[in-house]
Amino acid sequence: MPAPKQTKTDEILQAAMENEQKAVDLYTELAKGGHRNAVKEMFLELAAEEKRHKILLDGVRSGRRRLPPAASVARRVSLEDESDLPDVSGPLSLKGSILFAMGREKSAFNLYIDLSDLSDDPEVKDLFLSLAREEASHKLRLERVYDML
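Conventions adopted
Residues numbered from 1 in each chain as written. Predicted model: local features only at pLDDT ≥ 70, side-chain atom pairs only at ≥ 80, totals over all residues. Heavy atoms only, no water. Axes fitted to C-alpha atoms, helices over the stretch in contact; angles between N-to-C directions. Helix = DSSP H or I, 4+ residues; strand = E, 2+ residues; numbered from the N terminus. Parallel < 35°, antiparallel > 145°, perpendicular 65-115°, else oblique. Left-handed = near helix turned anticlockwise from the far one by under 90°. Contact = heavy atoms within 4.5 Å. Nonpolar A, V, L, I, M, F, W, Y, C, P; charged D, E, K, R; others polar. Core = buried A, V, L, I, M, F, W, Y, C linked by side-chain atoms within 4.5 Å. Buried < 20%, exposed > 50% of the residue type's maximum accessible area, 1.4 Å probe, protein only.

Student: I would appreciate a short explanation of the packing of helix 2 (residues 37–62) against helix 3 (residues 94–118) in the present structure.
Tutor: For any two helices packed against each other, one specifies the crossing angle of their axes together with the interaxial distance. At a minimum axis separation of 12 Å, helix 2 and helix 3 run at an interaxial angle of 20°. Between helix 2 and helix 3, the angle is such that the two are roughly parallel. The two elements helix 2 and helix 3 cross, and the hand of that crossing is left-handed. Residues Val 39, Met 42, Phe 43, Glu 50 and Leu 57 of helix 2 form the contact with helix 3, whose participating residues are Leu 94, Ser 97, Ile 98, Ala 101, Arg 104, Glu 105 and Tyr 112. For the contact of helix 2 with helix 3, the class distribution of residues is eight nonpolar, one polar and three charged.

Student: Looking at this structure, I do not really get the nonpolar core. What am I missing?
Tutor: A general trend in soluble globular proteins is that nonpolar side chains are found buried together. Counting 19 residues, the largest nonpolar core has Tyr 27, Leu 30, Val 39, Met 42, Phe 43, Ile 98 and Leu 142 as its most contacted members. Of the residues forming this core, the biggest block, six residues, is contributed by helix 3. Not counting chain neighbours up to four residues away, the residues in contact with Met 42 comprise Ile 98, Arg 141, Leu 142 and Val 145. Counting residues in each nonpolar core, the second largest holds 17 residues, with Met 17, Phe 109, Tyr 112 and Leu 127 among its members.

So this is what it looks like as structure tokens:
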């Protein structure tokens, strides 16, 4: 029996799941950076939230989970130019870690906005807008911590 044909929506959801796994891995690694306990906890909480996003996306892709209601999302999230982000090939300072995470959240926000534009499924479009809103809230949380340093 041939495997079912993968739809455009399936491909989009798979790409989003892969992006969420990268975020889980990033935040888990940043939590190991020897930062203050509160910052370490924040990175672990962000990793858990990104893992929840991945599980939600997988549930939608497999048909096991219903989509959340649509959320209105601003089209822009402000952040310093991403070229100013630190190099992550070596250890990062506390500020560098948070700056890098802020850039990652901005990228995730933009990804979900772009994916919502690509999807021809209104429910999947709403899911991506809801996830974009969550990524924007992650970035705001990181900005608040950065501003307190």
